[in-house]
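Spelled out from the first residue to the last, the chains are:
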Amino acid sequence: MAKCPPTVDQQLPDELVAEMALLSSKAVAADFIVLVEELKARFGSSLDAVLLYGSCLRAHEIGEGVADFYVVVDSYVNAYPERYLRYLNAWLPPNVFYLEVSKGEQKFRAKYAVVSMADFESGTRQWFHPYLWARFAQPSRLLYARDEVIRRRIHRALAHAVITFLRSSLPTLDSSPANAEAIWTNGLSQTYAAELRPERAARARQLAQFNLDEFARLTAHATPALKDSLEVLPDGHYRCVADAVARQHSLKRWRLRRWQGKVLSVLRLSKAAFTFQDSISYAAWKIERHTGVRVEVTPMLRRHPLLWGFKVSWQLLRRGVMR
């Protein structure tokens, strides 16, 4: 995975780390813990941490939905007895799996992604593509950590995700005064367009408004590390200080991220065929939901998931979703 210039660790504001620690420690419904206990049993001594993010977190309950977890492991060798899963996870993290747990008459469902601690830290700080740092700049919950050392490493990785998100997206703004809502709406719009999930601008704005208090605090706490990118105005607004050349360079990088993201999304969806229960149907539903492109799932394509991946890529290219 290509890397951005690293954020110097000494520039990570203590207030930002503390804010991410506070956000990630907020309580969640007990239903989520049922799934976490199953993940702990599944990964045993290799498990470093479990994080919850996504729509179920925003809804505060699972209900009939599918919870989204990130499982952070100490190494892929320790996490999997199967060698092919180790190679797939190291080649293109994360691996994605499906989890279903029954408790009495209730059934809880989750999708969980597996990533090593080394990849999690690198992905929130140095990856060129926003796959990890865009997700974890947003509020998440740390539902399990092996020990306090791991907990602190996760908190710092979450803080780095905010810095990387802002540093990467701020230069695409003009020099007009902007508030936290405008800054995060712009950043979320850029990152959504860089994956096979091009939500409209209204969706980015909706999320920015939903988490506005948190995003406002995160922006304020991050500004000491962004002196080369962001100026704090007397009225509490901000101004991007990037010049026209820096802005053009940033826009070029985002165009490259959009191209890279479409390719990586198809590769990850194809890879999920080997790890995710009924992944072909799930992937087809996800593609249609986010792009409007309906992909027919035939028996032959179920038997040959890589062929399915190539067919998806071709259809998306023909319809202009991938460029």
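Here we summarise the structure given alongside this text.

Thresholds applied
Residues numbered from 1 in each chain as written. Predicted model: local features only at pLDDT ≥ 70, side-chain atom pairs only at ≥ 80, totals over all residues. Heavy atoms only, no water. Helix = DSSP H or I, 4+ residues; strand = E, 2+ residues; numbered from the N terminus. Buried < 20%, exposed > 50% of the residue type's maximum accessible area, 1.4 Å probe, protein only. Contact = heavy atoms within 4.5 Å. Areas by Shrake-Rupley, 256 points an atom, 1.4 Å probe, with all protein chains shown as cover. Core = buried A, V, L, I, M, F, W, Y, C linked by side-chain atoms within 4.5 Å. Axes fitted to C-alpha atoms, helices over the stretch in contact; angles between N-to-C directions. Parallel < 35°, antiparallel > 145°, perpendicular 65-115°, else oblique. Left-handed = near helix turned anticlockwise from the far one by under 90°. Nonpolar A, V, L, I, M, F, W, Y, C, P; charged D, E, K, R; others polar. Pairing = 2+ DSSP bridges. Expected span 1.5 Å × (residues − 1). Salt bridge = Lys/Arg side-chain N within 4 Å of Asp/Glu carboxyl O. Arc of directions from axis to C-beta. Phe/Tyr/Trp six-rings, centres within 6.5 Å; stacked < 30°, edge-to-face > 60°.

Attention now moves to the overall build of the protein chain. Within the protein chain, the secondary structure is distributed over 15 helices and seven strands. The 323 residues of the protein chain split such that 52% are buried. When contacts within the protein chain are restricted to residue pairs at least 6 apart in sequence, long-range pairs at least 24 apart make up 71% of them. Here the protein chain displays about 15,200 Å² of accessible surface, and carbon together with sulfur accounts for 52% of that area.

We now examine the nonpolar core. Membership of the largest hydrophobic core comes to 83 residues, with the highest contact counts inside it found for Phe69, Ile154 and Trp184. With ten residues, helix α8 (residues 148–169) is the single largest residue contributor to this core.

Before going further, it helps to spend a moment on the packing of helix α1 (residues 14–24) against α8. Orientation of α1 relative to α8, taken along the N-to-C sense of each, is 115 degrees, at an axis distance of 8 Å. It follows from the interaxial angle that α1 and α8 lie roughly perpendicular. For the pair α1 and α8, the sense of crossing is right-handed. Residues Leu16, Val17, Met20, Ala21 and Ser24 of α1 form the contact with α8, whose own contacting residues are His155, Arg156, Leu158, Ala159, Val162 and Ile163. When the residues that make up the contact of α1 with α8 are grouped by side-chain class, the tally is eight nonpolar, two polar and one charged.

Taking burial as the measure, the five residues of strand β5 (residues 141–145) include five buried ones, the bulk of the element. Bridge count between strand β1 (residues 47–53) and β5: four bridges; the pairing is antiparallel. Across the sheet, the residue bridging to Leu52 is Arg141, located in β5.

Our focus in this paragraph is the side chain of Ser250. When you line up the elements, Ser250 lands in helix α12 (residues 244–271). Residue classification places Ser250 among the buried positions, given a relative accessible area of 0%. Setting aside residues no more than four positions away along its own chain, Ser250 makes contact with Ser168, Pro171 and Thr172.

The next thing to look at is helix α9 (residues 180–193). Between its terminal C-alpha atoms α9 stretches 20 Å, which fits the 20 Å expected from 14 residues at 1.5 Å a residue. Burial within α9 is extensive, with ten of its 14 residues counted as buried. Inspection of α9 places Ala180, Ile183, Trp184, Thr185, Asn186, Gly187, Leu188, Gln190, Thr191 and Tyr192 among the buried residues, and these make up the whole buried set.

Let us look at the environment of Lys26. For Lys26, the location among the structural elements is in the loop between α1 and α2 (30–43). For Lys26, the residues in contact, after removing those within four places along its chain, are Arg141 and Glu214.

Turning to the pattern of salt bridges, a few remarks are in order. Tallied over the entire structure, the rule returns twelve salt bridges. In this structure, Lys111 and Asp68 form a salt bridge, with 2.8 Å as the shortest nitrogen-oxygen distance. In this pair, Lys111 is assigned in strand β4 (residues 106–116) and Asp68 in strand β2 (residues 67–73), connecting sequence segments 43 residues apart. Across the pair, exposure class does not vary: Lys111 and Asp68 are buried alike. Glu121 serves as the salt-bridge partner of Arg153, at 2.8 Å between the closest nitrogen and oxygen. Linking Arg153 in helix α8 with Glu121 in helix α6 (residues 117–125), this pair joins segments that are 32 residues apart in sequence. Taking the relative accessible area as the measure of exposure, Arg153 reaches 35% and is therefore partly exposed. One salt-bridge network, held together by shared partners, links Asp48, Asp74 and Arg146.

Attention now moves to α1. Residues spaced three or four apart along an α-helix face the same direction, because each turn holds 3.6 residues. For α1, every residue scored as buried is listed here: Leu16, Val17, Glu19, Met20, Leu23 and Ser24. Buried residues of α1, seen end-on, are gathered within an arc of 160 degrees and therefore sit on one face of the element. Elements that come into contact with the buried residues of α1 comprise α7 (133–137), β5, α8 and α11 (212–222).

Another point: the pairing of strand β3 (residues 95–103). Sheet analysis places β3 next to β4, joined by nine bridges and oriented antiparallel. Bridge assignment links Ser102 to a residue of β4, and that residue is Lys107. Hairpin connection of β3 to β4: two residues between the antiparallel strands, including Gly104 at a positive phi of 65 degrees.

Moving on, we come to the packing of aromatic side chains. Taken as a whole and judged by the stated rule, the model has ten aromatic pairs. Between Phe43 and Tyr112 the ring centres are 5.9 Å apart and the planes differ by 90 degrees, which places this aromatic pair in the edge-to-face class. Highlighted residues: Phe43 in helix α2 and Tyr112 in strand β4, separated in sequence by 69 residues. Using a relative accessible area of 8% as the deciding quantity, one classes Phe43 as buried. Exposure remark for Tyr112: the relative accessible area of 3% places this residue in the buried category. Here the aromatic rings of Tyr80 and Phe97 are separated by 6.1 Å at their centres, their planes lie at 40 degrees, and the arrangement is tilted.

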